[in-house]
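Observations on the three-dimensional arrangement
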Amino acid sequence: MNLLIVFKIAGRALARNTMRSALTMLGIIIGVGAVIAMVAVGQGAKAQVEAQIASIGSNLLMVFPGSTTQGGVHAGSGTVTTLTEEDSRAIKKELSSVWLSAPTVRTVAQVVSANQNWSTAVTGSTPAFFPIRDWSFESGSPFTQSDVDGATKTAVLGKTVANNLFGSRDPIGQIVRIRNVPFKVAGVLSPKGQSAMGQDQDDTVIIPFSTLQKRIMGVTNVGAILVSANSPLEAAVAQEQVRLLLRQRHHIPPGQDDDFTVRSMSDIAAAAEASSSVMTLLLGSIASVSLIVGGIGIMNIMLVSVTERTREIGIRMAVGARGRDILLQFLVEAVVLSLAGGILGVILGVVGSRIVSAFVHWPTIISLSSILLAFTFSIAIGVFFGLYPARRAASLDPIEALRYE
Amino acid sequence: MPPLIQTENLWKIYRTGEIELAALKGISLSVTRAEFIAIMGPSGSGKSTLMHILGCLDRPSRGRYLLDGVEIGGLKPNDLARIRNQKIGFVFQGFNLLHRTTAIENVELPILYDGLSVRERAARAGEALERVGLGDRRYHYPNQLSGGQQQRVAIARALVMRPQLILADEPTGNLDTRTSVEIMALFQELNRDGITIMVVTHEPDVARYASRIIAFRDGIIRSDRPVSRHTDAKEVLSKGLFESSKDARGEVP
C-alpha cells in the first residue's frame with residue numbers, strides 16, 4: 001500500500017477525534033517542549049560559565065603554595081608558605097613559554113575615603129598583574145615597578161570600590177586609607193563583572209606587592225603566582241615547565257610530591273563545564289520522563305482506538321488487507337500523533353526558552369541538536385508505543401472482527 | 001476449465017475446552033462459473049461457516065477446498081488476503097461500510113490494498129458506483145444514504161476488483177421487500193455478466209431469484225437442487241408482484 005495514502009488515512013482517522021487526538025498529543029508536546037527548554041537552560045548556563053572563564057584568560061596559570069596531597073594528608077592549597085617572589089621572577093626569566101609572571105598576596109581590609117568606607121579584597125602584586133588578567137584602565141594608570149621596588153603607597157581601585165567610595169567623583173589623585181595607611185589612587189580599573197563563581201571581580205583594590213607585604217600584613221610569603229603563557233596553546237607546556245622549574249628550585253627529590261600546585265584555567269574550565277554538563281543531562285532526563293509518559297498516553301489511546309475500530313479492521317481484512325497493512329495503518333497513526341506532538345513541542349520549547357530568558361533572565365541556548373534529538377525521540381516513542389496496539393490490530397481474526405459490535 | 005469452487009469432504013470443528021462442535025460435517029460441493037446459488041438453512045446449520053471458508057476468511061479443519069483450481073488449505077494468511085482482494089467480493093447483512101467515509105472512498109477500499117495508481121483507482125471506483133446506479137452519490141456519506149443505497153455501495157465495493165465470486169451473507173436481511181427485490185435484481189444482472197453469486201438467506205422469497213438452492217441442516221447438505229423456473233427480479237418489480245410477498249404476510253421487514 002502506498003505510504004502517502006496510509007498517512008492520509010491516519011490523518012483523517014485522527015481528525016475524526018480531534019479532542020482526543022489533541023489531548024494525546026499534549027503529552028508529547030509537553031515532553032518535547034520540556035526537553036528542549038531544559039536543555040536550552042542548561043546549555044545557556046554552560047555557555048555563560050565558558051564565557052566568564054574566557055574573560056579571565058585561557059592562557060592563565062595559577063601557582064599555589066602547598067600540594068593537594070602531602071604525605072598522604074590532604075592539605076588545602078595556601079596552608080603552607082613555600083612560594084617566594086624569587087620563584088615568580090625565575091618563572092618569567094627562565095621559561096620560554098611564559099609571557100609574564102606576577103606574585104600576588106591577598107587580604108581583606110577596610111578601605112576608607114574621606115566620608116565612605118568599604119570592606120574589600122586587597123591584592124598586592126606587580127604591574128604585570130594587569131596584562132596577565134587582561135585588565136584595562138577606565139581612568140588613571142597602573143603603578144610601576146619602581147612603586148613596587150620602593151613599596152610606595154599607591155593604589156588601583158576596582159570599579160565597585162571606586163563607586164562606593166567616591167560615587168560620581170573622580171578618585172584619581174585622591175587619598176584612601178587601607179588599615180589606616182594612606183594611599184594615593186593612581187587608577188581605576190574598567191569593570192569585568194561577575195566571575196564564573198559568582199563573585200564581583202570589580203570589588204577589589206590592587207596595590208604594590210611589597211607595600212601590602214611590609215606595610216599592611218607584615219609577612220614575607222607569596223599567596224599565589226599568576227603566570228601568563230605566550231598563548232592559550234602553550235598553556236599546557238608552560239604548566240609543565242613551571243612545575244619542573246619549581247621542583248628544581250625547591251630541591252624536591254624525584255618521587256616526592258610537589259610542594260605547590262599549578263592550575264590552568266582550562267582545568268577550571270573543564271571542571272565548570274563538567275558540572276554544567278551534568279546539570280544539562282539531569283534537566284534533560286527529567287524532561288524525558290514526561291516524554292515517556294506521553295508515549296504511554298499514545299499507547300493507551302491507540303489500544304482504545306483498535307478496540308473501537310475492530311469492525312473497521314474486519315472490513316479492511318475482508319476486502320484484502322494483509323496483517324502488515326493493518327499494522328502499518330495503526331503504526332502510522334501513532335507516529336503521526338507523536339510527530340505532530342513533536343513539532344508542536346519544538347515550538348513550545350523554543351517559545352518557553354524565550355520566556356525563561358525574558359522573565360527570569362537566565363541565558364538559554366536552543367541548539368539544533370537538542371531539537372533534532374527531541375524530534376527523533378518523539379518519533380521513536382510513537383513507533384515504540386504504537387507497535388503493541390498495531391500488532392494487536394493486525395493479529396485480529398477477520399471473522400471475529402466482522403462480528404464485533 | 002475446472003469448476004470455480006470445488007470442495008471435498010469439508011469439515012469445520014470448533015473446540016471449546018473439552019467440547020468439540022462440528023459446524024460442517026463433510027461438505028462436498030461443486031460450483032461452476034456464472035451460477036447463482038442460494039444457500040438456505042436455519043441459524044446454526046453451518047451456512048455462515050461455509051461462507052467464511054469459501055470466502056477465504058477461515059480455513060477448514062479437514063478436507064480440500066479448491067478455488068479456481070487453487071488449493072486453499074495450504075495458503076498463508078497473506079495469500080488468503082490476496083485471494084480475497086482479487087477473486088472474491090463480500091456483501092454483508094449490516095452493509096459494513098466505513099462510516100464517516102464517502103461512498104466512493106468506501107468503494108476504493110479494496111483497490112488500496114492492490115496498489116493501483118490514483119487515477120485508475122478513482123476511475124474504477126466511479127465505474128463500480130455507476131454500475132449499481134449510484135453514480136450521482138459519490139460524495140455522500142453512508143448516513144446520508146438509504147439502506148438500499150448503502151447496500152448498493154457495498155455491492156460496488158465487492159465489484160470494484162472485478163471478482164469471479166460474490167459472497168453475500170443475508171444481503172437483504174435489513175431491507176424492506178421492494179429494496180430486497182431491487183438488490184436481487186442487481187445480483188441477477190451481475191450474474192448475467194458472468195460473476196458467480198452465492199447468497200446466504202433464510203427467506204424463500206429471496207432464494208427464488210437464484211438458479212440453484214442448497215439447503216443446510218446440522219452441518220450437512222440436506223438438499224441441492226436447481227430452480228426449475230427461476231424468477232426474474234426485474235419483472236417482479238415492473239409488475240409490482242412483490243406486494244404479495246412478505247409485507248402482505250405481516251412480517252417485520
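Residues numbered from 1 in each chain as written. Chains lettered and ligands numbered in written order. Predicted model: local features only at pLDDT ≥ 70, side-chain atom pairs only at ≥ 80, totals over all residues. Heavy atoms only, no water.

1. Some points on the packing of aromatic side chains
Test applied: Two aromatic rings from Phe, Tyr or Trp, using only the six-membered ring of Trp, form a pair when their centres are within 6.5 Å; if the ring planes differ by under 30 degrees the pair is stacked, by over 60 it is edge-to-face, and anything between is tilted. Type-normalised accessible area, obtained with a 1.4 Å probe on protein chains alone, sets the label of each residue: buried when under 20%, exposed when over 50%, and partly exposed for intermediate values. Criterion for a charge above a ring: Arg CZ or Lys NZ at most 6 Å from the ring centre, at most 35 degrees from the ring normal.
Following the criterion strictly, the structure yields five aromatic pairs over all chains and no others. Between F130 of chain A and F137 of chain A, the aromatic rings sit 5.0 Å apart at their centres with planes inclined by 65°, giving edge-to-face as the arrangement. Exposure remark for F130 of chain A: the relative accessible area of 3% places this residue in the buried category. In textbook terms, an aromatic cluster arises when at least three aromatic residues are bridged by ring pairs, as seen for F129, F130, F137 and F143 of chain A. Of note, K192 of chain A hangs over the ring of W135 of chain A, and the distance from its end group to the ring centre comes to 5.5 Å. Sitting over the ring of W11 of chain B, R62 of chain B keeps its end group 5.0 Å from the ring centre.

2. Quick notes on the sheet that holds strand β3 (residues 36-40) of chain B
Residues and elements named next belong to chain B. Put simply, the rule reads: At least two bridges found by DSSP between two strands are what make those strands a pair. To qualify as a helix, a DSSP run of H or I must reach at least 4 residues; to qualify as a strand, a run of E must reach at least 2; elements of each kind are numbered from the N terminus. Every axis corresponds to a line fitted to the C-alpha atoms, with the helix fit spanning only the stretch in contact, and the corresponding angles, defined between N-to-C directions, vary from 0 to 180 degrees. Two residues qualify as a contact provided that any one of their heavy atoms is within 4.5 Å of a heavy atom in the partner residue.
In spatial order, the strands read β6-β7-β8-β3-β9-β10; together these six strands make up an open sheet with mixed pairing. Strands at the two margins of the open sheet, each flanked by one partner only, are β6 (88-91) and β10 (220-226). Adjacent strand axes in the sheet meet at a mean angle of 15°, parallel and antiparallel pairs treated alike. In this structure, β3 lies alongside strand β9 (residues 212-217), joined through four bridges in parallel fashion. If you follow I39 over to β9, its bridge partner there is I214. Its contacts with the sheet put helix α1 (residues 47-54) on β3, β6, β7 (165-169), β8 (196-200) and β9, and the angle it makes with β7 is roughly 150°.

3. Considering the sheet that holds strand β2 (residues 19-31) of chain B
All names here are of chain B. Here we have four strands laid out as an open sheet, ordered β2-β1-β4-β5, and antiparallel in their pairing. Two strands in the sheet have a free side with no partner beyond their single neighbour: β2 and β5 (70-71). Where strand β1 (residues 5-16) and strand β4 (residues 62-67) come together, five bridges link them in antiparallel fashion. Considered in β4, the bridge of I5 is made with L67. With respect to the sheet, α1 is in contact with β1, β2 and β4, its orientation differing from that of β1 by roughly 115°.

4. Comments concerning the domain arrangement of chain A
This is how the line gets drawn: For the domains described, the bounds stem from an automatic or database domain assignment.
Structurally, chain A comprises domain 1 (3-52 + 271-403) and domain 2 (83-249). Taking only C-alpha atoms, the centre of domain 1 of chain A and the centre of domain 2 of chain A are 56 Å apart.

5. So, the pairing of β9 of chain B
All names here are of chain B. In terms of burial, β9 is a largely internal element, five of the six residues being buried. Here β9 runs beside β10; their pairing, made up of six bridges, is antiparallel. Its bridge partner being in β10, F216 is matched across the sheet by I221. In textbook terms, the turn of a hairpin is the stretch between consecutive antiparallel strands, and for β9 and β10 this stretch comprises two residues, one of which, D218, has a positive phi near 50°.

6. Quick word on the confidence of the model for chain A
Here is the rule: Think of pLDDT as the predictor's per-residue confidence, scored from 0 to 100.
For chain A, per-residue confidence averages 87 on the pLDDT scale, and 94% of positions sit at 70 or higher. At the level of individual helices and strands, chain A shows its lowest average pLDDT in strand β2 (residues 69-70) of chain A, which scores 50, and its highest in helix α10 (residues 310-318) of chain A, which scores 95.

7. Re helix α4 (residues 118-131) of chain B
Condition: One less than the residue count of a helix, multiplied by 1.5 Å, gives the span that helix is expected to have.
The terminal C-alpha atoms of α4 of chain B, which comprises 14 residues, lie 20 Å apart, in line with the 20 Å expected from a rise of 1.5 Å per residue. Taken together, the buried residues of α4 of chain B touch α1 (3-16) of chain A together with α3 (103-112) and α5 (147-159) of chain B.

8. Some details on the nonpolar core
A general feature of soluble globular proteins is that nonpolar side chains tend to end up buried together. The criterion, for reference: Among the buried residues, those of types Ala, Val, Leu, Ile, Met, Phe, Trp, Tyr and Cys that are joined through side-chain atoms within 4.5 Å form a nonpolar core.
In terms of nonpolar packing, the biggest core is built from 74 residues, with I5, L50, Y65, L67 and M198 of chain B touching the most fellow members. Here the element with the most residues in this core is helix α11 (residues 323-360) of chain A; it accounts for eight residues. If we ignore the near neighbours within four places in the chain, the residues touching Y65 of chain B are I5, Q6, T7, L10, I53, L54, C56, V70, E71, I72 and G73 of chain B.

9. With respect to the environment of Q151 of chain B
Residues and elements named next belong to chain B. Here is the rule: Pairs of N or O atoms are called polar contacts if they sit within 3.5 Å, as long as, within protein, a hydrogen donor faces a hydrogen acceptor (for residues adjacent in sequence, only side-chain-to-side-chain pairs).
Tracing the chain through its elements places Q151 in helix α5. Judged by its relative accessible area of 0%, Q151 is buried. On a C-alpha basis, the gap between Q151 and F95 in space is 5.5 Å, while along the polypeptide they are 56 residues apart. With sequence-adjacent residues up to four places away left out, Q151 is seen in contact with V91, F92, Q93, F95, P171, L175 and I183. Looking at Q151, its side chain comes within polar contact range of the main-chain oxygen of P171, at 2.8 Å.

10. Some words on the pattern of salt bridges
All names here are of chain A. Which entries qualify depends on this criterion: Definition used for salt bridges: Asp or Glu carboxyl oxygen within 4 Å of a side-chain nitrogen of Lys or Arg.
By the definition in use, this model includes 33 salt bridges over all chains. Close ionic contact of K159 with E138 constitutes a salt bridge, the shortest N to O distance being 2.6 Å. Residue K159 is found in helix α6 (residues 159-166), and its partner E138 is found in strand β6 (residues 137-140); the two are separated by 21 residues along the sequence. A salt bridge links R316 to E312, with the shortest nitrogen-to-oxygen separation between them at 2.9 Å. Here the residue R316 and the residue E312 both occupy positions in helix α10, the gap between them amounting to four residues, near one helical turn. On the basis of relative accessible area, R316 is assigned to the buried category, the value being 5%. Its relative accessible area of 13% is what places E312 among the buried residues.

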